[in-house]
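Here are the chains, one letter per residue:
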Amino acid sequence: MNNVLITDEEKLLLKNLARLALEEAVKNNKKLSIDPSKLPKIFHEKLGAFVTLHKNSKLRGCIGRFEPDQPLYEVIIDMTISASRYDTRFRPVSEDELESIDIEISVLTPRRKINSVDEIVVGKHGIYVVYGNKNGTYLPQVATDMGWDAKEFFRSCCEEKAGIAPEHCKDAELYVYEAIVF
């Protein structure tokens, strides 16, 4: 998977980092401050990631960054805060919700342009669709969770997520990527 390897211990550390960032943001209205010198090497890599918040198994926020100019640990902190406060589909997470919030992290591989929906491997690929100034993405787990095939995965991302008119979806640029989800 494009040489991105994260151990189980590192995954646990990232989830703990996200939890601390969430609590610091919600309880104290502050960004978590940590000593990066004690973090594993992979945390210093410039990798994209999405942070997804669930409350009682329902989506409560999801924001990410594909090509960051900062290390993974900062992306996780920033995207956790963004998912909890700035996902416009939801009101900000409140302190009384913290106990019921589950955090899912998706560390991304670089995007790769493809020429056809037929190249999408459902359950493996996330997609990113661009047409003019409109764009949208779905993480790999969305197609599986929704029971979609590649064509429905693309159609929904293009029309519903990106807001691209159905007649323009065939002309949209299409990219795939993979994610380590935990």
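About the cut-offs
- Residues numbered from 1 in each chain as written.
- Predicted model: local features only at pLDDT ≥ 70, side-chain atom pairs only at ≥ 80, totals over all residues.
- Heavy atoms only, no water.
- Disulfide = S-S within 2.5 Å.
- Helix = DSSP H or I, 4+ residues; strand = E, 2+ residues; numbered from the N terminus.
- Buried < 20%, exposed > 50% of the residue type's maximum accessible area, 1.4 Å probe, protein only.
- Core = buried A, V, L, I, M, F, W, Y, C linked by side-chain atoms within 4.5 Å.
- Contact = heavy atoms within 4.5 Å.
- Pairing = 2+ DSSP bridges.
- Axes fitted to C-alpha atoms, helices over the stretch in contact; angles between N-to-C directions.
- Polar contact = N/O pair within 3.5 Å; in protein donor to acceptor, adjacent residues only side chain to side chain.
- Expected span 1.5 Å × (residues − 1).
- Phe/Tyr/Trp six-rings, centres within 6.5 Å; stacked < 30°, edge-to-face > 60°.

**Q** Sorry, what's going on with the state of the cysteines here?
**A** Joining two cysteines, a disulfide is a covalent bond between their sulfur atoms. Evaluated as defined, the whole model comprises 1 disulfide. Note that Cys158 is cross-linked by a disulfide to Cys169, the S-S spacing being 2.1 Å. Handedness of the Cys158-Cys169 disulfide follows from its S-S torsion of about -110°: it is left-handed. Of this pair, Cys158 sits in helix α4 (residues 150–161) while Cys169 is found in helix α5 (residues 166–169), placing the two residues 11 residues apart along the sequence. Owing to a relative accessible area of 0%, Cys158 belongs among the buried residues under this scheme.

**Q** How do you make sense of the nonpolar core when you look at a structure like this?
**A** One broad rule of soluble globular proteins: the nonpolar side chains tend to lie buried together. Ranked by internal contacts, the top residues of the largest apolar core, which has 32 residues, are Leu14, Leu53, Ile76, Ile103, Ile105 and Val107. Breaking this core down by element, the ones donating at least two residues are α1 (8–28), β1 (49–55), α2 (72–85) and β3 (101–108). Per-element accounting of this core gives the leading share, 8 residues, to α2. Apart from the residues within four sequence positions on either side, Leu14 is in contact with Phe43, Leu72, Ile76, Ile105, Val107 and Phe182. Ranked by size, the runner-up nonpolar core spans 19 residues in total, among them Ala143, Trp148, Ala150 and Phe154.

**Q** Please clarify how the sheet that holds strand β4 (residues 112–114) should be interpreted in this entry.
**A** Hydrogen bonds along the backbone pair up the strands of a sheet, which may run parallel or antiparallel. The 4 strands lie next to each other as β4-β7-β5-β6, forming an open sheet whose pairing is antiparallel. Edge positions in the open sheet fall to β4 and β6 (134–138), since each of these has one partner strand only. Taken pair by pair, the neighbouring strands of this sheet meet at an average axis angle of 25°, ignoring direction. Its contacts with the sheet put α4 on β5 (126–131), β6 and β7 (173–177), and the angle it makes with β6 is roughly 135°.

**Q** Even after reading the chapter, I still don't get the side chain of Ser84, so can you show me in this structure?
**A** Structurally, Ser84 is set in helix α2. Separated by 2.9 Å, the side chain of Ser84 and the backbone oxygen of Ile81 make a polar contact.

**Q** Can you walk me through α2 in this structure?
**A** In an α-helix, one turn spans 3.6 residues; hence positions three or four apart end up facing the same way. Helix length check: α2, at 14 residues, gives a terminal C-alpha distance of 20 Å against a target of 20 Å (1.5 Å per residue), a fit within 8%. Burial of α2 is extensive: 12 of the 14 residues sit out of reach of the surface. Within the span of α2, buried status applies to Leu72, Tyr73, Val75, Ile76, Ile77, Asp78, Met79, Thr80, Ile81, Ser82, Ala83 and Ser84. Along its buried surface, α2 packs onto α1, β1, β2 (58–65) and β3.

**Q** Looking at this structure, I do not really get the packing of aromatic side chains. What am I missing?
**A** Any pair of aromatic rings gets described here by the distance separating the centres and the angle formed by the planes. Overall, the coordinates contain 6 aromatic pairs when judged by the stated rule. For the ring pair Phe66 and Tyr128, a centre distance of 5.1 Å and an interplane angle of 65° mean the geometry is edge-to-face. Of the two residues, Phe66 sits in the loop between β2 and α2 while Tyr128 sits in strand β5, which places them 62 residues apart along the sequence. Take Phe66: its relative accessible area is 16%, and that puts it in the buried class. Between the aromatic rings of Tyr128 and Tyr175, the centroid separation amounts to 6.0 Å while the plane-to-plane angle is 50°, which identifies the pairing as tilted. Remark: Tyr175 occurs in strand β7 and Tyr128 occurs in strand β5; sequence separation between them is 47 residues. Note on Tyr175: relative accessible area 19%, which makes it buried. Taken together, Phe50, Phe66, Tyr128, Tyr175 and Tyr177 form an aromatic cluster joined through their ring pairs.

**Q** What is the right way to look at unusual backbone geometry in this model?
**A** Most peptide bonds adopt trans geometry, and most residues besides glycine take a negative phi value. The phi dihedral of Asn29 is positive, around 55°, even though this residue is not glycine. Looking at where Asn29 falls in the secondary structure, it is placed in the loop between α1 and β1. In this structure, Asn56 is a non-glycine residue whose phi angle is positive, near 50°.

**Q** Whenever I open this one, the pairing of β2 confuses me. Can you help?
**A** In regular strands, side chains alternate between the two faces of the sheet. Across 7 bridges, β1 lies against β2 in antiparallel orientation. Its bridge partner lying in β2, Val51 is registered against Ile63. The loop that links β1 with its antiparallel partner β2 comprises 2 residues; one of these, Asn56, has a positive phi angle of about 50°.

Scope: geometric values only; no functional claims are made or implied.
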